[in-house]
Amino acid sequence: MSGKPSAERIDTAALKRERPLADVVAAYGVSLQRAGAGRLWGLCPFHQERTPSFCVDVRDPSNEHFHCFGCAAHGDVIDLGMKREGCSFPDACERLTTRGRPPSVEMAPREPARRVGRRWDLTRPESPEARVLDLAGRVFADALWASPRAQRYLDTRGVPAELARALHLGYADGRALLQALRRPPGLDPASGQSLLDIADGLGLIRLRPSSEDETPQYREFFFDRLVIPEMRGGRPIWFIGRALEDLVPARSGAQAPSTRPKYLSLPGERPILGLEHVRGRSTAYLVEGPFDWLGAVGWGLPAFAICGTHVPPERLPSLRGAVAIYGVFDPDRAGQSAAQRFAPLMGARWRPVKLPNGLDLAELAALGEPGRKVFDALVGRARAAAWREGRS
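Here goes a summary of the coordinates provided. (Residues numbered from 1 in each chain as written. Predicted model: local features only at pLDDT ≥ 70, side-chain atom pairs only at ≥ 80, totals over all residues. Heavy atoms only, no water.)

**Observations regarding the pairing of strand 9 (residues 225-232)**
The side chains of a regular strand alternate, residue by residue, between the two faces of the sheet. Burial analysis of strand 9 places 8 of its 8 residues in the buried class, the great majority of the element. Side-chain alternation along strand 9 places Arg-225, Val-227, Pro-229 and Met-231 on one buried face and Leu-226, Ile-228, Glu-230 and Arg-232 on a second face that is also buried. Where strand 6 (residues 170-172) lies against strand 9, 3 bridges are found, and the strand directions are antiparallel. Opposite Tyr-171, over in strand 9, you have Leu-226 as the bridge partner. Relative to strand 10 (residues 235-243), strand 9 runs antiparallel, the two sharing 8 bridges. (Buried < 20%, exposed > 50% of the residue type's maximum accessible area, 1.4 Å probe, protein only. Helix = DSSP H or I, 4+ residues; strand = E, 2+ residues; numbered from the N terminus. Pairing = 2+ DSSP bridges.)

**Section: helix 10 (residues 290-298)**
Taken across its 9 residues, helix 10 has 8 buried, putting it largely inside the fold. By the burial criterion, the buried members of helix 10 are Pro-290, Phe-291, Asp-292, Trp-293, Leu-294, Gly-295, Ala-296 and Val-297.

**Focus on unusual backbone geometry**
Pro-184 connects to Pro-185 through a cis peptide bond whose omega is 5 degrees. Within the fold, Pro-185 resides in the loop between helix 8 (176-182) and helix 9 (195-202). The phi torsion at Ala-72 lies on the positive side, around 70 degrees, for a residue other than glycine. Along the chain, Ala-72 falls in the loop between strand 4 (65-68) and strand 5 (74-75). In this structure Ala-72 comes out as partly exposed when scored by relative accessible area, which is 35%. Positive phi outside glycine occurs at Asp-224, with the angle close to 60 degrees. When you line up the elements, Asp-224 lands in the loop between strand 8 (217-220) and strand 9.

**A word on the nonpolar core**
Ranked by internal contacts, the top residues of the largest apolar core, which has 70 residues, are Leu-169, Leu-204, Phe-222, Trp-293 and Phe-375. It is helix 5 (residues 128-144) that provides the largest number of residues to this core, a total of 8 residues. One finds Val-24, Val-56, Phe-66 and Ile-78 within the second-largest nonpolar core, a separate group that totals 23 residues. (Core = buried A, V, L, I, M, F, W, Y, C linked by side-chain atoms within 4.5 Å.)

Keep in mind that these numbers describe shape and distance, not what the molecule does.
Now the structure itself:
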């Protein structure tokens with residue numbers, strides 16, 4: 001019997017934490033030089049070049065990735081192994097786990113504790129970063145109401161215009177934010193810092209190759225995405241963006257369109273989305289994704305989202321005043337596993353809501369009133385189950 005790990009048993013998140021991308025790239029013999037916060041550059045290991053165009057982006061420890069501006073190679077540490085050694089996904093994982101390093105190359109020891117990145121909830125309202133985030137929020141909001149296509153997308157997802165305005169949703173068209181940052185004098189009025197530099201440090205813009213020459217140019221990070229801000233005290237402190245289309249048209253020479261990540265978020269420690277909607281409430285709804293949250297808030301529910309299924313317990317709000325916390329997770333394996341992990345953290349207040357197979361909360365909300373009736377019935381079942389178990 002083969003000793004290789006099966007795809008179902010591979011904890012890719014843990015594997016990526018244990019094998020930092022920059023270490024593995026260096027172990028393949030690529031010399032990396034730091035250029036800017038959290039970005040390293042070197043000669044691409046996948047094609048011959050004299051000028052470094054291979055970028056390793058480690059600004060977000062939960063989303064470390066590489067991209068070559070010369071040959072368009074892109075991916076994470078597992079993709080690196082698959083492409084570099086021409087092996088399958090399980091084989092690449094095996095080489096990273098059992099061997100722990102590429103052949104005959106030792107990786108430098110790593111401290112067990114790693115930085116989590118920027119704490120967005122600690123951004124000072126009077127700081128240059130806060131002013132640039134505020135500018136970005138206004139630009140994104142204006143772009144949404146100037147884009148019929150983005151508005152149609154919201155309509156297909158069942159998000160009414162009045163809710164989008166109330167929650168300050170936006171759209172990144174790839175031009176408006178850069179134009180605003182470059183508008184003379186292009187400096188933060190209080191600190192004199194370049195707005196472009198501040199936005200780059202925040203992750204709102206990134207250097208990308210130009211179609212005209214080899215010189216990298218700034219591009220908007222959330223290009224062609226609906227942007228959902230986390231608001232604190234009436235100001236945005238963080239953004240997460242949902243792609244309007246999940247496929248990218250095929251480039252010249254490519255046989256088929258490529259997939260793009262559904263969600264991108266600013267790097268660092270993700271804040272709780274919708275925290276101010278649940279503070280001081282006696283009931284709260286813990287949901288999984290941003291559009292689940294939009295659906296719940298659209299129904300008038302005190303909801304917050306963790307934007308995924310993996311979140312450190314210390315990041316959860318205390319919710320001391322809540323007597324009931326309803327957990328609403330996707331009915332897939334990851335969602336149900338997350339619900340089980342949260343149960344002991346919430347104790348007797350926990351009310352898991354079991355959604356119908358094949359439907360998440362966002363999809364129920366998009367159904368309108370019929371979806372709301374189904375959801376209310378499911379919440380009633382969760383409440384009744386708690387009463388039967390003596391957790392009322």
